[in-house]
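Chain residues, written in single-letter form:
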Amino acid sequence: MKRVSKYIAVMGLAVLTCGSCTKQFGELNTDPTIVTTPDIKFLLSYSQERVMTYNGGEWIWEGMEQLFRYTQHVTASPYEITGNVNGRYGVYYSQILPNLFEIRRQISTIPKKEQYQKMQEVTYIVQVLHGIKVTDMNGSIPYTEAIQGRYESKYNPVYDTQEDLFNTWLTELDNAISVLSNSSLLNQQTYGNSDIFYKGDWVKWVKLANTLKLRIAARLENEDVAKTKEIFKQVMQDAIGPIDNDDAQLSYSNPDFSPFGNDINYRSARYGSTSIVNFLKAADDPRLPIYFETNDLEGTYEDTLTKYAANLPAFIDPNDPHINFQGAPADWTTNPTVAGYISNAFAVGNTNAGNTVSRFFLISPINRKFFSPRLDGATGNYTDVLVTNAESCLLVAEFIEKGYGDGIDTKGTAEDWYKKGVSSSIKTMNSIAVAAQSATGFSGNGIAEIEDYLNGSKVKFNGINDLERIYIQQYLNFYRNASEAFVFVRRTGYPKNSSIYYQRELFNEPIARRWWLTDPGEVNRANWNAAMTAQGFTPNAQDMPTLSTQRIWYDKNAPDFGEGQ
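Conventions we followed
Residues numbered from 1 in each chain as written. Predicted model: local features only at pLDDT ≥ 70, side-chain atom pairs only at ≥ 80, totals over all residues. Heavy atoms only, no water. Helix = DSSP H or I, 4+ residues; strand = E, 2+ residues; numbered from the N terminus. Rg over C-alpha atoms; globule rule 2.2 N^0.38 Å. Buried < 20%, exposed > 50% of the residue type's maximum accessible area, 1.4 Å probe, protein only. Contact = heavy atoms within 4.5 Å. Areas by Shrake-Rupley, 256 points an atom, 1.4 Å probe, with all protein chains shown as cover. Lys, Arg positive; Asp, Glu negative; His and termini not counted. Charge placed at Lys NZ, Arg CZ, Asp CG, Glu CD. 1 Å grid on protein atoms, 1.4 Å probe; cavity = no way out; pocket = protein on both sides within 12 Å on 5 of 7 lines; lining within 4 Å. Points joined across faces, edges and corners; volume = space filled by probe spheres on them. Nonpolar A, V, L, I, M, F, W, Y, C, P; charged D, E, K, R; others polar. Core = buried A, V, L, I, M, F, W, Y, C linked by side-chain atoms within 4.5 Å. Expected span 1.5 Å × (residues − 1). Salt bridge = Lys/Arg side-chain N within 4 Å of Asp/Glu carboxyl O. Axes fitted to C-alpha atoms, helices over the stretch in contact; angles between N-to-C directions. Parallel < 35°, antiparallel > 145°, perpendicular 65-115°, else oblique. Left-handed = near helix turned anticlockwise from the far one by under 90°. Polar contact = N/O pair within 3.5 Å; in protein donor to acceptor, adjacent residues only side chain to side chain.

Chemist: What am I meant to see in the overall build of the protein here?
Modeler: On a plain count of helices and strands, the protein comes out with 22 helices and eight strands. A compact globule built from 565 residues would reach a C-alpha radius of gyration of about 24 Å, and the protein, at 25 Å, matches this within 12%. For the protein, the spread of C-alpha atoms along the principal axes amounts to about 85 × 55 × 45 Å. In the protein, which comprises 565 residues, the share counted as buried stands at 57%. When contacts within the protein are restricted to residue pairs at least 6 apart in sequence, those whose partners lie at least 24 apart make up 77%. Surface summary for the protein: the accessible area is close to 22,600 Å², and the carbon and sulfur share equals 48%. Averaging the positions of the 52 positive and the 64 negative side-chain charges in the protein gives two centres separated by 3 Å.

Chemist: Sorry, what's going on with unusual backbone geometry here?
Modeler: Residues other than glycine predominantly adopt negative phi, and peptide bonds predominantly adopt the trans conformation. Residues tyrosine 494 and proline 495 are joined by a peptide bond in cis, for which omega reads -5 degrees. In this fold, proline 495 is placed in the loop between α20 (482–492) and α21 (525–535). Notably, alanine 309 is not glycine yet its phi reads approximately 50 degrees, a positive angle. Among the secondary structure elements, alanine 309 is positioned in the loop between α13 (301–307) and α14 (336–343).

Chemist: Got a minute to help me understand empty space enclosed by the protein in this structure?
Modeler: Take a probe with the size of a water molecule and roll it over the atoms, and the empty space left behind shows itself. With the rule as written, the count across this model stands at four cavities of 30 Å³ or more. As a volume, the largest cavity reaches approximately 160 Å³. Contributing elements (two or more residues each) for the lining of the largest cavity: α4 (56–71), β8 (382–387) and α20. Broken down by element, the residue count for the lining of the largest cavity peaks at five residues, all from α4. Considering only residue class, the lining of the largest cavity consists of six nonpolar, four polar and five charged. Space inside the second largest cavity adds up to approximately 100 Å³. The wall of the second largest cavity is formed by Val51, Leu129, His130, Lys133, Arg215, Leu386, Asn481, Ser483 and Glu484. Secondary-structure elements contributing two or more residues to the lining of the second largest cavity are α6 (117–138) and α20. Residue contributions to the lining of the second largest cavity peak at three residues, all from α6.

Chemist: What is the right way to look at the nonpolar core in this model?
Modeler: Nonpolar side chains in soluble globular proteins generally cluster together in the buried interior. In terms of nonpolar packing, the biggest core is built from 147 residues, with Ile125, Trp205, Leu208, Ile216, Phe292, Phe370 and Phe371 touching the most fellow members. Broken down by element, the residue count for this core peaks at eleven residues, all from helix α9 (residues 202–220). Filtering out sequence-adjacent residues up to four positions away, phenylalanine 371 remains in contact with Trp59, Met64, Ser258, Pro259, Phe260, Ile264, Ile366, Tyr382, Tyr479 and Arg480. Tyr301, Leu312, Ile316 and Val348 belong to the second largest nonpolar core, which has ten residues in total.

Chemist: What am I meant to see in helix α10 (residues 225–237) here?
Modeler: Spacing of three or four residues puts side chains on the same side of an α-helix, whose turn is 3.6 residues. With 13 residues, α10 extends 18 Å between its outermost C-alpha atoms, agreeing within 8% with the 18 Å of an ideal straight helix rising 1.5 Å per residue. In this structure, the buried side of α10 is in contact with α8 (162–180), α9, α16 (389–401) and α17 (414–436).

Chemist: Sorry if this is basic, but what is going on with α20 here?
Modeler: Counting buried residues in α20 gives eleven out of eleven residues, a clear majority hidden from the surface. Residues of α20 that are buried include every one of Ala482, Ser483, Glu484, Ala485, Phe486, Val487, Phe488, Val489, Arg490, Arg491 and Thr492, and no others. For α20, the elements touching its buried residues are α4, α5 (87–109), α6, α9, α16 and α19 (466–477). After α20 finishes, the residue glycine 493 shows a positive phi value of roughly 75 degrees.

Chemist: Got a minute to help me understand the side chain of glutamate 468 in this structure?
Modeler: Its location among the elements puts glutamate 468 in helix α19. Residues within four places of glutamate 468 in sequence aside, it is in contact with Tyr494, Lys496, Ser499, Tyr501 and Tyr502.

Chemist: Would you mind going over the pattern of salt bridges with me for this structure?
Modeler: For side chains bearing opposite charge, pairing can occur when the charged atoms are close. All told, the structure shown has 30 salt bridges when counted by the stated rule. Through salt bridges with shared partners, one network takes in Asp136, Arg215, Arg219, Glu391 and Glu484.

Chemist: Can you help me understand the packing of α16 against α17 in this one?
Modeler: Helix-helix packing is described using two parameters, namely the angle between the two axes and the distance between the axes. Axis separation between α16 and α17 bottoms out at 8 Å; the angle between their running directions is 160 degrees. As the angle between them shows, α16 and α17 are arranged roughly antiparallel. The two elements α16 and α17 meet at a crossing, and its hand is left-handed. Contact with α16, carried on its side by Asn389, Ala390, Cys393, Leu394, Val396, Ala397, Ile400 and Glu401, involves Ala414, Trp417, Tyr418, Lys420, Gly421, Val422, Ser424 and Ser425 of α17 and no other residues of that element. A per-class count over the contact of α16 with α17 returns ten nonpolar, four polar and two charged.

Chemist: Quick question: what am I supposed to make of the environment of arginine 551 here?
Modeler: You can see arginine 551 is positioned in the segment after α22 (544–547). The class of arginine 551 is buried, set by a relative accessible area of 14%. In this structure, the C-alpha to C-alpha distance between arginine 551 and arginine 525, residues 26 residues apart in sequence, is 21 Å. Contact partners of arginine 551, with chain neighbours within four places excluded, come to Arg513, Gln535, Phe537, Lys556, Ala558, Pro559 and Asp560. Within the local environment of arginine 551, its side chain forms a polar contact with the backbone oxygen of alanine 558, the two atoms lying 2.8 Å apart. One polar contact links arginine 551 to aspartate 560, side chain to side chain, over a distance of 2.6 Å.

Next comes the structure, spelled out in structure tokens:
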């Protein structure tokens, strides 16, 4: 993998160099040391690799410090938003799109280009995959005129509106699905093993494209529910359909990569929030030890308490069967007493100077090896699943439960898809933990544990709050994907403040609903300014009062955080 990655980097660098020096193409073409026509197979590899590995800083500056605190998956020291956020935007144009455009340009010059139709369509799926993530936090972005500076000397692309972006992407995905599923196209060339996602398996690419259509459908719901229904029916009526098995998940493994390196505690440690830890405990969720580390209430701690006639703090139930997992308030100001135990141990013993004191840390950190398998010299391997089978199945369950599949064959009930999604989430998270050599939820195949979980009162469909149960399982599944977790919480308003099932915690901080795009300079300032004005954005504003009140297009009619219906 390391040697392949090095070659991928060379191919990507060659294309990026060409793209950044458009006016010097003549010089490049006369220098025999510069690769001007790199193999298109490795061009795809490079873009795929960057989709999966650019985000080390994003995990630190966005995921753990901002988005996961907003969604209340974790609690940590609050930090102001810095200019380090929104790396997703720059990498799209500098490291993902250029190679995809170059693949299509090269294919257009090949004498037998009809044999490369499926290879060409794959490039659109990759750029839609990351494009959705870019628009999620930025709204209007350059797309239809992007990268034209490399070929047409056009350096002032328009910013396409979010509505136009989704329509364009749906068309591109539909075209890709049509070509990739067409068995009458003969003698098609393939990326083979250079396709680090699917090894040239066209069926899996179609499944991914259909699941991306479901992602778009979910984002459109608050603006155009009719369009959401239409997209859902298209996906379910497609002969191949969306991702519906673990083998078709978009996964990536690399023993030489870890987004956090060895510094997952950079700036501060992160812990489980009270709400998520308590729900996982109440439901006997197998993901509890996968997601969070145990505290110090293990072994002979009770003997120490008895010896000194000490009692645990009031927020801990001494009879709790999961006492070794404890969360802390998502917003520390709402319960400073409990929050105080995040950084301070519970001291037991004779506290006079010089005497023995036992110290117990009570709040459960995130499972650090689960995210960073090489932490402190560990030897686990990094695996990530960017688009999960669980996400796909639970979106189908959501739309069926809402009645969007009426009149078509949905290939199962909402409950059927829900069970498939929950089962897949638990298995996938456990597999990631096994590879990382971190704590797991079960050994063996997990069938018995998952069956017990699905039949538990906290999880089983009950005919009363089934949609909320689907929502919460989506929420729990996104513990490895901060961007999708945030989009989910923002679009649905779940977990909701008034719930008796899974209640969102009080959170007094304002929450950014978008990031910002700064002035690109004179060459494209007019288009940038027009886009900011059309969206009602204050140009260059990076303050929380502005970011928490100005919304991107598909977020305009979404509920406030915690105010789901």
